[in-house]
Amino acid sequence: MEALAARLSQLDAHVEGAIRVVMFYDTLMRRRVDLPALARASAGLAECAAGIRLHGAGRPIRFSPDGTEATAPAPTASSTAPVTLDEEEIGAVWLERAGPAGPLDEVLLDRLAIAAAAVVERYGPARTTMADPALVELAVSGDSDAAARARALRLLGFAAGVPLRVVAVRSSLPLDRISAALCPDRPVKAAPLGDVGVVLASAVDLDRFPAGVRAGVGTADSPERSWGEARTALRFATERRPVVRYDGLGALALLAQVPREAARGNADVAAIGLVADAPEDLETLEAYCATGSLRRAADRLHLHHSSVARRLDLIGKALGIELTTPAGLIRATLALTAWRLLDS
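Values in this document were obtained by computation on a predicted structure and should not be read as measured data. (Residues numbered from 1 in each chain as written. Predicted model: local features only at pLDDT ≥ 70, side-chain atom pairs only at ≥ 80, totals over all residues. Heavy atoms only, no water.)

Sorry if this is basic, but what is going on with the environment of L285 here?
Mapped onto the secondary structure, L285 falls in helix α10 (residues 279-291). It is 24 Å that separates the C-alpha atoms of L285 and D247, two residues lying 38 residues apart in sequence. Setting aside residues up to four positions removed in sequence, L285 forms contacts with I272, I315, L319, L323, A332 and L336. (Helix = DSSP H or I, 4+ residues; strand = E, 2+ residues; numbered from the N terminus. Contact = heavy atoms within 4.5 Å.)

Below you can see the structure in the form of structure tokens.
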């Protein structure tokens, strides 16, 4: 009883200050502040630098007590608290007090951590492009359950019910540059998954892909199905057609399901491999299959149509296909597509 009485008396000395701290953060949350505003206000209240860091969200958010962004190297934090959401630790908050911790620092950090979690749940993390690959994989994996996927998407900054596009990317360009170009005014997150980059965005403008990027765009409503579609569409991307939407493939998407050995063993596909040894012939065949017209192929190749006709005649003989017939054009198109998929 004596120990309890002593503790209560100590708490009584700080109870008014603690209530004011709680009211301070309640007011901030009613004003729907973002993470930088939350860190700035906390630094002013604590009269020392304060910081917030979310896992996978880039550099921390730090502010000095005068309201300016802290740029000097951070000293050792005087006190810290974890930020948790749905029983998962998603980051940390801290104070950078030069001397010993203040009497209300524990209460302040506790409320700051709660407020930071509420901001993440409502708005998602600060606008960074690159994300934690583990979170992105959780969002698009077919092995994730619905609750885990929803939590991952929320931590990545995507509100529930908002349409989401998934893009599979291959390029020598930095992934953050590609992502920022695709969706400059809406939430976008990116991360490498193996040898393929994945981009999550609320909208994708196909005309905004930088040069040198090959991409497949999924169109399904669910992220895991859209990711599968995006990877399939990426396999169909070529130099002439670098960005492919899955729903634009139609029945051609079925070719992605053909086993590789079966494709290799097909006579038409094997014959395409022989034609491919001559780059000019391969380019001519691609142009003809893409346009379905001798004259349009000639325009694309900047050649006279008679020259293209001679080339196609020789290519058709090498393939054993009458290219000028509708059936021959379909055979050549399927064989060329299947041959390219072998290499994708």
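Before we go on, may I ask you to explain the confidence of the model for the protein chain in this structure?
Taken residue by residue, the protein chain gives an average pLDDT of 88. The fraction at 70 or more is 92%. For the protein chain, per-element mean pLDDT is lowest for helix α1 (residues 2-30), which scores 72, and highest for strand β8 (residues 214-217), which scores 97. Low pLDDT, under 50, characterises residues 4-9; the stretch is placed with 0 contacts to residues that sit more than four places away or in other chains. (pLDDT = per-residue confidence, 0-100.)

What exactly am I supposed to notice about helix α13 (residues 326-342) here?
Residues lying three or four places apart along an α-helix face the same way, a consequence of the helix completing one turn every 3.6 residues. Its 17 residues place the ends of α13 25 Å apart at the C-alpha level, agreeing with the 24 Å of an ideal helix rising 1.5 Å per residue. Among all positions in α13, only G328, L329, A332, A335, L336, T337, A338, L341 and L342 are buried. Packed against the buried residues of α13 are α7 (223-235), α8 (260-264), α9 (267-275) and α10. (Expected span 1.5 Å × (residues − 1). Buried < 20%, exposed > 50% of the residue type's maximum accessible area, 1.4 Å probe, protein only.)

Honestly, the pattern of salt bridges in this entry has me stumped. Any pointers?
A side chain of one charge can pair with a side chain of the opposite charge if their charged atoms are brought near each other. Counting across every chain of the model gives 13 salt bridges. Taking the shortest distance from any N to any O, the salt bridge between R170 and D195 comes out at 3.2 Å. Of the two residues, R170 is situated in strand β5 (residues 165-170) and D195 in the loop between β6 (188-193) and β7 (196-201); the sequence distance between them amounts to 25 residues. Exposure remark for R170: the relative accessible area of 36% places this residue in the partly exposed category. Its salt-bridge partner being D268, residue R331 comes within 2.8 Å of it at the nearest N-O pair. (Salt bridge = Lys/Arg side-chain N within 4 Å of Asp/Glu carboxyl O.)

Looking at this structure, how should I read the side chain of S226?
Summarising the element assignment, S226 is placed in helix α7. Given a relative accessible area of 0%, S226 falls into the buried group. Apart from the residues lying within four places of it in its own chain, the contact partners of S226 are V166, G218, T219 and A220.

How should I be thinking about the nonpolar core in this particular structure?
The nonpolar side chains of a soluble globular protein tend to be buried, and buried together. By size, the foremost hydrophobic cluster in this structure holds 63 residues, and its most contacted members are L35, L38, V93, L200 and W227. The leading source of residues in this core is helix α3 (residues 105-123), at 9 residues. Leaving out residues up to four positions away in the same chain, V93 has contacts with G51, I52, S79, T80, A81, V83, L109, L112, A113 and A116. Formed by 26 residues, the second largest nonpolar core is a distinct cluster that contains I272, L285, A335 and L336. (Core = buried A, V, L, I, M, F, W, Y, C linked by side-chain atoms within 4.5 Å.)

What am I meant to see in the packing of α9 against α13 here?
Two quantities define a packed helix pair, namely the angle between the axes and the distance from one axis to the other. Following both chains from N to C, one finds α9 and α13 inclined at 70°, their axes separated by 8 Å at the closest point. The angle between α9 and α13 places the two elements in the roughly perpendicular class. Residues D268, V269, I272 and G273 of α9 touch α13, and the partners they reach there are R331, A335, L336, A338, W339 and L342. By residue class, the composition of the contact of α9 with α13 is 7 nonpolar, 1 polar and 2 charged. (Axes fitted to C-alpha atoms, helices over the stretch in contact; angles between N-to-C directions. Parallel < 35°, antiparallel > 145°, perpendicular 65-115°, else oblique. Nonpolar A, V, L, I, M, F, W, Y, C, P; charged D, E, K, R; others polar.)

Looking at this model, I keep getting lost on the sheet that holds strand β9 (residues 243-245). Mind explaining?
Within a sheet, adjacent strands bond to each other through the backbone by hydrogen bonds, running parallel or antiparallel. Pairing is mixed in the open sheet, where 5 strands are placed in the order β6-β7-β5-β8-β9. The open sheet has two edge strands, β6 and β9, and neither has a second partner. The average undirected angle you get between the axes of adjacent strands in this sheet is 20°. Here α7 sits on the sheet in contact with β5, β6, β7, β8 and β9, set at roughly 35° to β5. (Pairing = 2+ DSSP bridges.)

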